[in-house]
Amino acid sequence: MAFKNKKIILAISGSIAAYKTPELVRQLVKLGAQVKIVCTEGALQFVSSLSLSTVSKNEVWTQLNDQQKWNNHVALGRWADLMLIAPCSANTLAKLAYGLCDNALCAVYLSACCPVFIAPAMDEDMWQHPSTQKNLKTVLEHGNHYIEVGHGELVSGLVGAGRMAEIETIIERLRLFLEVEQNCLGKKVLVNAGPTYEKLDPVRFIGNYSSGKMGAAIALELANRGAEVDLVLGPSALHISHPNIKLTRVESADEMYQACNHKFEQVDIAILAAAVADYKPKDKAAHKIKKKETTFELELVKNIDILASLGKVKTSKQILVGFALESQNALEN
(Lines give C-alpha, C1' and ligand atoms only; values in the text may rest on other atoms or scores of the structure.)
Protein backbone atom coordinates (compact mmCIF):
# COMPACT_ATOMS: atom_id res chain seq x y z
CA MET A 1 0.00 0.00 0.00
CA ALA A 2 3.02 2.32 0.31
CA PHE A 3 2.90 3.26 -3.39
CA LYS A 4 -0.88 3.56 -3.70
CA ASN A 5 -1.65 6.84 -5.53
CA LYS A 6 1.87 8.13 -4.90
CA LYS A 7 3.10 10.56 -7.56
CA ILE A 8 6.63 9.66 -8.64
CA ILE A 9 8.95 11.37 -11.12
CA LEU A 10 11.44 9.01 -12.69
CA ALA A 11 14.39 10.97 -14.11
CA ILE A 12 16.63 8.97 -16.45
CA SER A 13 20.12 10.09 -17.46
CA GLY A 14 22.54 8.75 -20.07
CA SER A 15 23.81 5.44 -18.74
CA ILE A 16 23.57 1.93 -20.17
CA ALA A 17 21.56 1.04 -17.05
CA ALA A 18 18.70 3.08 -18.56
CA TYR A 19 17.65 -0.07 -20.43
CA LYS A 20 16.28 -1.39 -17.10
CA THR A 21 13.92 1.53 -16.52
CA PRO A 22 10.81 0.28 -18.40
CA GLU A 23 10.66 -2.66 -15.99
CA LEU A 24 11.18 -0.31 -13.04
CA VAL A 25 8.28 1.83 -14.25
CA ARG A 26 6.10 -1.22 -14.86
CA GLN A 27 6.60 -2.44 -11.30
CA LEU A 28 5.94 0.99 -9.77
CA VAL A 29 2.70 1.33 -11.77
CA LYS A 30 1.70 -2.21 -10.77
CA LEU A 31 2.15 -1.20 -7.11
CA GLY A 32 -0.28 1.68 -7.60
CA ALA A 33 2.02 4.63 -8.27
CA GLN A 34 1.49 7.35 -10.84
CA VAL A 35 4.76 7.72 -12.75
CA LYS A 36 5.85 10.61 -14.94
CA ILE A 37 9.19 10.46 -16.73
CA VAL A 38 11.83 12.98 -17.72
CA CYS A 39 14.86 11.93 -19.76
CA THR A 40 18.09 13.48 -20.93
CA GLU A 41 18.95 13.22 -24.62
CA GLY A 42 21.69 10.77 -23.66
CA ALA A 43 19.19 8.46 -21.95
CA LEU A 44 17.28 8.03 -25.20
CA GLN A 45 20.33 6.36 -26.71
CA PHE A 46 19.72 3.42 -24.35
CA VAL A 47 15.93 3.34 -23.94
CA SER A 48 13.10 4.50 -26.18
CA SER A 49 10.60 7.19 -25.36
CA LEU A 50 7.88 4.95 -26.78
CA SER A 51 8.55 2.07 -24.38
CA LEU A 52 8.63 4.43 -21.38
CA SER A 53 5.42 6.24 -22.34
CA THR A 54 3.70 2.89 -22.96
CA VAL A 55 4.46 1.42 -19.52
CA SER A 56 3.90 4.70 -17.64
CA LYS A 57 0.79 5.71 -19.61
CA ASN A 58 2.21 9.24 -19.64
CA GLU A 59 4.10 11.37 -22.11
CA VAL A 60 7.89 11.37 -21.64
CA TRP A 61 9.42 14.82 -21.31
CA THR A 62 12.86 15.43 -22.81
CA GLN A 63 13.01 19.05 -24.00
CA LEU A 64 13.65 21.99 -21.69
CA ASN A 65 12.80 24.64 -24.28
CA ASP A 66 9.51 23.39 -25.67
CA GLN A 67 7.60 26.64 -26.22
CA GLN A 68 4.24 24.94 -25.72
CA LYS A 69 5.17 23.83 -22.21
CA TRP A 70 8.22 25.87 -21.22
CA ASN A 71 7.34 25.88 -17.51
CA ASN A 72 6.54 22.19 -17.15
CA HIS A 73 9.59 21.66 -14.96
CA VAL A 74 7.99 23.85 -12.27
CA ALA A 75 4.62 22.10 -12.47
CA LEU A 76 6.23 18.66 -12.50
CA GLY A 77 8.51 19.47 -9.56
CA ARG A 78 5.49 20.56 -7.51
CA TRP A 79 3.32 17.63 -8.62
CA ALA A 80 5.42 14.81 -7.22
CA ASP A 81 5.52 13.10 -3.84
CA LEU A 82 8.94 11.71 -4.67
CA MET A 83 11.60 12.05 -7.39
CA LEU A 84 13.88 9.18 -8.37
CA ILE A 85 16.94 9.78 -10.56
CA ALA A 86 17.85 6.35 -11.90
CA PRO A 87 20.26 5.82 -13.44
CA CYS A 88 22.21 8.91 -12.42
CA SER A 89 25.36 9.22 -14.53
CA ALA A 90 28.60 10.85 -13.38
CA ASN A 91 27.82 13.83 -15.61
CA THR A 92 24.33 14.30 -14.18
CA LEU A 93 25.60 13.86 -10.61
CA ALA A 94 28.09 16.69 -11.20
CA LYS A 95 25.34 18.95 -12.56
CA LEU A 96 23.13 18.24 -9.54
CA ALA A 97 25.98 19.04 -7.18
CA TYR A 98 26.62 22.45 -8.73
CA GLY A 99 23.06 23.42 -9.65
CA LEU A 100 23.61 23.42 -13.42
CA CYS A 101 20.43 23.54 -15.44
CA ASP A 102 20.99 22.82 -19.12
CA ASN A 103 18.45 20.02 -19.62
CA ALA A 104 14.95 19.00 -18.60
CA LEU A 105 16.12 16.58 -15.89
CA CYS A 106 18.15 19.23 -14.06
CA ALA A 107 15.33 21.78 -14.39
CA VAL A 108 12.87 19.37 -12.77
CA TYR A 109 15.38 18.51 -10.03
CA LEU A 110 15.92 22.17 -9.14
CA SER A 111 12.14 22.70 -9.08
CA ALA A 112 11.34 19.59 -7.03
CA CYS A 113 9.51 20.23 -3.75
CA CYS A 114 9.70 16.59 -2.69
CA PRO A 115 12.30 14.09 -1.45
CA VAL A 116 14.81 13.12 -4.15
CA PHE A 117 16.45 9.68 -4.40
CA ILE A 118 19.57 9.18 -6.50
CA ALA A 119 20.69 5.80 -7.87
CA PRO A 120 24.11 6.32 -9.52
CA ALA A 121 25.38 4.13 -12.35
CA MET A 122 28.84 4.30 -13.94
CA ASP A 123 32.05 2.34 -14.33
CA GLU A 124 34.21 1.58 -11.31
CA ASP A 125 37.00 4.08 -11.99
CA MET A 126 34.50 6.88 -12.59
CA TRP A 127 32.63 5.94 -9.41
CA GLN A 128 35.76 5.93 -7.27
CA HIS A 129 37.18 9.15 -8.68
CA PRO A 130 37.53 11.85 -5.99
CA SER A 131 35.45 14.28 -8.08
CA THR A 132 32.52 11.86 -8.22
CA GLN A 133 32.71 11.11 -4.50
CA LYS A 134 32.89 14.83 -3.73
CA ASN A 135 29.84 15.48 -5.94
CA LEU A 136 27.91 12.69 -4.19
CA LYS A 137 28.77 14.17 -0.79
CA THR A 138 27.60 17.61 -1.93
CA VAL A 139 24.32 16.23 -3.28
CA LEU A 140 23.67 14.39 -0.01
CA GLU A 141 24.44 17.53 2.00
CA HIS A 142 21.60 19.16 0.07
CA GLY A 143 19.22 16.69 1.73
CA ASN A 144 18.90 14.10 -1.03
CA HIS A 145 18.82 10.34 -0.53
CA TYR A 146 21.38 7.89 -1.96
CA ILE A 147 20.53 4.38 -3.15
CA GLU A 148 23.80 2.49 -2.90
CA VAL A 149 25.53 1.31 -6.08
CA GLY A 150 25.82 -2.41 -6.60
CA HIS A 151 28.96 -4.51 -7.01
CA GLY A 152 29.34 -6.80 -10.00
CA GLU A 153 30.17 -7.04 -13.68
CA LEU A 154 30.36 -3.67 -15.46
CA VAL A 155 30.07 -2.74 -19.13
CA SER A 156 33.84 -2.24 -19.33
CA GLY A 157 34.35 -5.88 -18.40
CA LEU A 158 35.63 -4.97 -14.96
CA VAL A 159 34.06 -6.36 -11.82
CA GLY A 160 33.56 -3.77 -9.11
CA ALA A 161 31.34 -1.04 -7.67
CA GLY A 162 29.29 1.26 -9.86
CA ARG A 163 26.30 -0.74 -11.07
CA MET A 164 22.91 0.83 -10.59
CA ALA A 165 21.10 -0.86 -7.71
CA GLU A 166 18.80 -3.70 -8.74
CA ILE A 167 15.16 -2.80 -9.36
CA GLU A 168 14.04 -4.78 -6.31
CA THR A 169 16.51 -2.87 -4.14
CA ILE A 170 15.34 0.51 -5.46
CA ILE A 171 11.67 -0.30 -4.89
CA GLU A 172 12.37 -1.58 -1.37
CA ARG A 173 14.25 1.63 -0.46
CA LEU A 174 11.38 3.75 -1.73
CA ARG A 175 8.84 1.57 0.06
CA LEU A 176 10.63 1.89 3.39
CA PHE A 177 10.76 5.66 2.98
CA LEU A 178 7.10 5.99 2.01
CA GLU A 179 5.98 3.79 4.89
CA VAL A 180 7.60 6.02 7.51
CA GLU A 181 4.65 7.38 9.39
CA GLN A 182 4.46 11.17 9.47
CA ASN A 183 3.61 10.98 13.18
CA CYS A 184 5.66 14.06 14.08
CA LEU A 185 4.04 16.36 11.55
CA GLY A 186 3.62 19.81 13.07
CA LYS A 187 5.75 19.03 16.11
CA LYS A 188 8.63 21.32 17.08
CA VAL A 189 11.63 19.45 18.44
CA LEU A 190 14.94 20.50 19.97
CA VAL A 191 17.88 18.10 19.67
CA ASN A 192 21.44 18.66 20.85
CA ALA A 193 24.39 16.56 19.75
CA GLY A 194 28.15 16.28 19.67
CA PRO A 195 30.86 17.22 22.17
CA THR A 196 31.69 20.57 23.72
CA TYR A 197 35.17 22.09 23.79
CA GLU A 198 36.22 24.01 26.90
CA LYS A 199 39.17 26.31 26.15
CA LEU A 200 42.33 26.32 28.25
CA ASP A 201 44.04 28.91 26.09
CA PRO A 202 43.79 30.03 22.43
CA VAL A 203 45.11 26.69 21.11
CA ARG A 204 44.08 24.01 23.65
CA PHE A 205 40.80 22.69 25.00
CA ILE A 206 39.23 19.95 27.12
CA GLY A 207 36.94 17.79 24.99
CA ASN A 208 35.71 14.27 24.39
CA TYR A 209 35.39 11.75 21.57
CA SER A 210 31.73 12.32 20.70
CA SER A 211 31.10 12.51 16.94
CA GLY A 212 27.51 13.78 17.19
CA LYS A 213 26.30 10.96 14.93
CA MET A 214 23.62 9.65 17.31
CA GLY A 215 21.99 13.04 17.89
CA ALA A 216 22.19 13.87 14.19
CA ALA A 217 20.52 10.55 13.32
CA ILE A 218 17.72 11.30 15.80
CA ALA A 219 17.27 14.75 14.28
CA LEU A 220 17.12 13.36 10.73
CA GLU A 221 14.61 10.68 11.70
CA LEU A 222 12.37 13.26 13.36
CA ALA A 223 12.66 15.53 10.32
CA ASN A 224 11.73 12.65 8.01
CA ARG A 225 8.66 12.06 10.19
CA GLY A 226 7.54 15.65 9.62
CA ALA A 227 8.89 17.47 12.68
CA GLU A 228 10.44 20.93 12.60
CA VAL A 229 13.81 20.30 14.24
CA ASP A 230 16.24 22.69 15.88
CA LEU A 231 19.58 20.87 16.04
CA VAL A 232 22.21 22.39 18.33
CA LEU A 233 25.49 20.75 17.32
CA GLY A 234 28.81 20.97 19.13
CA PRO A 235 32.19 20.78 17.34
CA SER A 236 31.69 17.99 14.81
CA ALA A 237 32.77 17.07 11.29
CA LEU A 238 29.18 16.18 10.38
CA HIS A 239 27.42 18.06 7.59
CA ILE A 240 23.67 18.15 8.23
CA SER A 241 21.25 19.34 5.58
CA HIS A 242 17.49 18.75 5.60
CA PRO A 243 14.65 21.16 4.81
CA ASN A 244 13.08 20.44 8.22
CA ILE A 245 16.28 20.96 10.23
CA LYS A 246 17.58 24.31 11.45
CA LEU A 247 21.21 23.87 12.46
CA THR A 248 22.96 25.92 15.17
CA ARG A 249 26.65 25.23 15.71
CA VAL A 250 28.22 25.89 19.11
CA GLU A 251 31.53 25.15 20.79
CA SER A 252 31.36 25.33 24.59
CA ALA A 253 28.90 24.02 27.17
CA ASP A 254 27.88 27.60 27.97
CA GLU A 255 27.09 28.26 24.29
CA MET A 256 25.11 25.01 24.07
CA TYR A 257 23.15 25.91 27.20
CA GLN A 258 22.33 29.38 25.86
CA ALA A 259 21.14 27.97 22.53
CA CYS A 260 19.04 25.20 24.10
CA ASN A 261 17.58 27.45 26.80
CA HIS A 262 16.61 30.04 24.18
CA LYS A 263 14.77 27.50 22.02
CA PHE A 264 13.24 25.25 24.70
CA GLU A 265 10.12 27.29 25.45
CA GLN A 266 8.93 27.03 21.83
CA VAL A 267 9.30 23.25 21.40
CA ASP A 268 7.03 20.28 22.09
CA ILE A 269 9.89 17.81 22.54
CA ALA A 270 13.54 18.12 23.53
CA ILE A 271 16.01 15.26 23.10
CA LEU A 272 19.41 15.93 24.65
CA ALA A 273 21.97 13.60 23.13
CA ALA A 274 25.05 15.83 23.36
CA ALA A 275 28.17 14.86 25.31
CA VAL A 276 28.43 18.07 27.29
CA ALA A 277 31.56 18.63 29.36
CA ASP A 278 30.82 18.44 33.09
CA TYR A 279 33.63 20.86 33.93
CA LYS A 280 35.48 23.77 32.36
CA PRO A 281 38.69 25.62 33.29
CA LYS A 282 38.11 28.29 35.92
CA ASP A 283 40.43 30.66 34.07
CA LYS A 284 41.26 30.79 30.37
CA ALA A 285 44.74 31.97 29.51
CA ALA A 286 44.90 34.86 27.05
CA HIS A 287 47.97 33.35 25.40
CA LYS A 288 49.35 29.87 24.90
CA ILE A 289 50.36 28.31 28.22
CA LYS A 290 54.11 27.70 28.12
CA LYS A 291 55.77 24.49 29.20
CA LYS A 292 57.63 25.15 32.48
CA GLU A 293 57.26 22.77 35.41
CA THR A 294 57.18 18.97 35.52
CA THR A 295 53.58 19.05 36.74
CA PHE A 296 50.75 21.37 35.86
CA GLU A 297 47.69 22.07 37.97
CA LEU A 298 44.42 23.07 36.39
CA GLU A 299 41.43 24.27 38.41
CA LEU A 300 38.06 23.31 36.97
CA VAL A 301 34.56 24.55 37.77
CA LYS A 302 31.27 22.80 37.11
CA ASN A 303 29.31 23.57 33.95
CA ILE A 304 25.57 24.18 33.94
CA ASP A 305 23.63 20.89 33.74
CA ILE A 306 21.55 21.58 30.63
CA LEU A 307 19.18 18.64 31.14
CA ALA A 308 18.53 19.50 34.78
CA SER A 309 18.01 23.19 34.04
CA LEU A 310 15.47 22.49 31.30
CA GLY A 311 13.77 19.94 33.52
CA LYS A 312 13.07 22.68 36.06
CA VAL A 313 11.14 24.80 33.54
CA LYS A 314 9.52 21.99 31.54
CA THR A 315 5.74 22.22 31.27
CA SER A 316 3.33 19.31 31.46
CA LYS A 317 2.79 19.60 27.69
CA GLN A 318 6.48 19.07 26.87
CA ILE A 319 8.48 15.86 26.57
CA LEU A 320 12.12 15.98 27.68
CA VAL A 321 14.50 13.07 26.99
CA GLY A 322 18.09 12.86 28.15
CA PHE A 323 20.99 10.45 27.63
CA ALA A 324 23.89 9.64 29.93
CA LEU A 325 27.05 7.74 28.99
CA GLU A 326 28.54 5.30 31.48
CA SER A 327 31.77 3.34 31.18
CA GLN A 328 30.73 0.70 33.74
CA ASN A 329 27.65 -0.51 35.68
CA ALA A 330 25.38 1.40 33.33
CA LEU A 331 22.04 0.50 34.95
CA GLU A 332 23.20 1.12 38.50
CA ASN A 333 24.82 4.42 37.61
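Residues numbered from 1 in each chain as written. Predicted model: local features only at pLDDT ≥ 70, side-chain atom pairs only at ≥ 80, totals over all residues. Heavy atoms only, no water.

Some points on the sheet that holds strand 12 (residues 228-233)
Note the following rule: Pairing between two strands requires that DSSP report at least two bridges joining them. The way it works is that DSSP assigns letters per residue, a run of H or I at least four long becomes a helix, a run of E at least two long becomes a strand, and they are numbered from the N terminus. Axes here mean lines fitted to C-alpha atoms, for a helix over just the part in contact, with angles spanning 0 to 180 degrees between N-to-C directions. A contact between two residues is defined here by any heavy atoms of the two lying within 4.5 Å.
Across the sheet, five strands lie side by side as 13-12-9-14-17; this open sheet has parallel pairing. Two strands lie at the open edges of the sheet, namely strand 13 (245-249) and strand 17 (319-322), each paired on one side alone. Between one strand axis and the next, the sheet turns through 15° on average, direction left out of account. In this structure, strand 9 (residues 188-193) lies alongside strand 12, joined through six bridges in parallel fashion. When the bridges of strand 12 are listed, Val191 appears paired with Leu231. The sheet contacts of helix 9 (residues 213-224) involve strand 9, strand 12, strand 13 and strand 14 (269-272), and relative to strand 9 the element is tilted by about 165°. On top of the sheet, helix 11 (residues 306-313) reaches strand 14 and strand 17; it is set at about 165° to strand 17, its chief contact.

Let's talk about the sheet that holds strand 6 (residues 145-146)
Pairing within the open sheet is parallel, and its six strands lie in the order 3-2-1-4-5-6. Lying at the two open borders of the sheet, with one neighbouring strand each, are strand 3 (60-61) and strand 6. Examined bridge by bridge, strand 1 (residues 7-12) and strand 2 (residues 34-39) share six bridges and lie parallel to one another. Directly across from Lys7, in strand 2, lies its bridge partner Gln34.

Things to note about unusual backbone geometry
Pro87 follows Ala86 through a cis peptide bond whose omega is -5°. As for its position among the elements, Pro87 is in strand 4 (residues 82-88). The phi dihedral of Lys57 falls on the positive side, at around 60°, and the residue is not glycine. Looking at where Lys57 falls in the secondary structure, it is placed in the loop between helix 2 (49-56) and strand 3.

Comments concerning the packing of aromatic side chains
Here is the rule: Working definition: rings of Phe, Tyr and Trp (its six-membered ring) pair if their centres are within 6.5 Å, and the pair is stacked with planes under 30 degrees apart, edge-to-face with planes over 60 apart, and tilted otherwise. Buried residues are those whose accessible area, probed at 1.4 Å on protein chains only, stays under 20% of the maximum for their type, while exposed residues exceed 50% and partly exposed ones sit between those limits. Ring-over charges, as used throughout, are those where CZ of Arg or NZ of Lys falls within 6 Å of the ring centre and within 35 degrees of the ring normal.
Under the definition given, this model contains three aromatic pairs. Pairing Phe117 with Phe177 gives two aromatic rings, centres 5.1 Å apart and planes at 75°, and the pair type is edge-to-face. With a gap of 60 residues between them, Phe117 in strand 5 (residues 116-120) and Phe177 in helix 8 (residues 167-178) connect regions that are remote in the sequence. For Phe177, a relative accessible area of 21% translates into the label partly exposed. Pairing Trp127 with Tyr146 gives two aromatic rings, centres 6.0 Å apart and planes at 25°, and the pair type is stacked. Of this pair, Trp127 sits in helix 6 (residues 124-128) while Tyr146 sits in strand 6, and the two are 19 residues apart along the sequence. Taking the relative accessible area as the measure of exposure, Trp127 reaches 7% and is therefore buried. Judged by its relative accessible area of 18%, Tyr146 falls in the buried class. Over the aromatic face of Trp79 sits the side chain of Lys36, whose NZ or CZ is 4.6 Å from the ring centroid.

Some points on the packing of helix 1 (residues 21-30) against helix 2
Put simply, the test is: These descriptions rest on fixed angle ranges, namely under 35 degrees for roughly parallel, over 145 for roughly antiparallel, 65 to 115 for roughly perpendicular, and the rest for oblique. Three classes are used, and their members are as follows: Ala, Val, Leu, Ile, Met, Phe, Trp, Tyr, Cys and Pro are nonpolar, Asp, Glu, Lys and Arg are charged, and the others, Gly among them, are polar.
Two elements in contact, helix 1 and helix 2, have axes whose closest approach is 9 Å; the angle formed by their N-to-C orientations is 10°. By the angle between their axes, helix 1 is roughly parallel relative to helix 2. Between helix 1 and helix 2, the residues in contact are Thr21, Pro22, Val25 and Val29 and Ser51, Leu52, Val55 and Ser56, respectively. Its residues assigned to classes, the contact of helix 1 with helix 2 shows five nonpolar, three polar and no charged.

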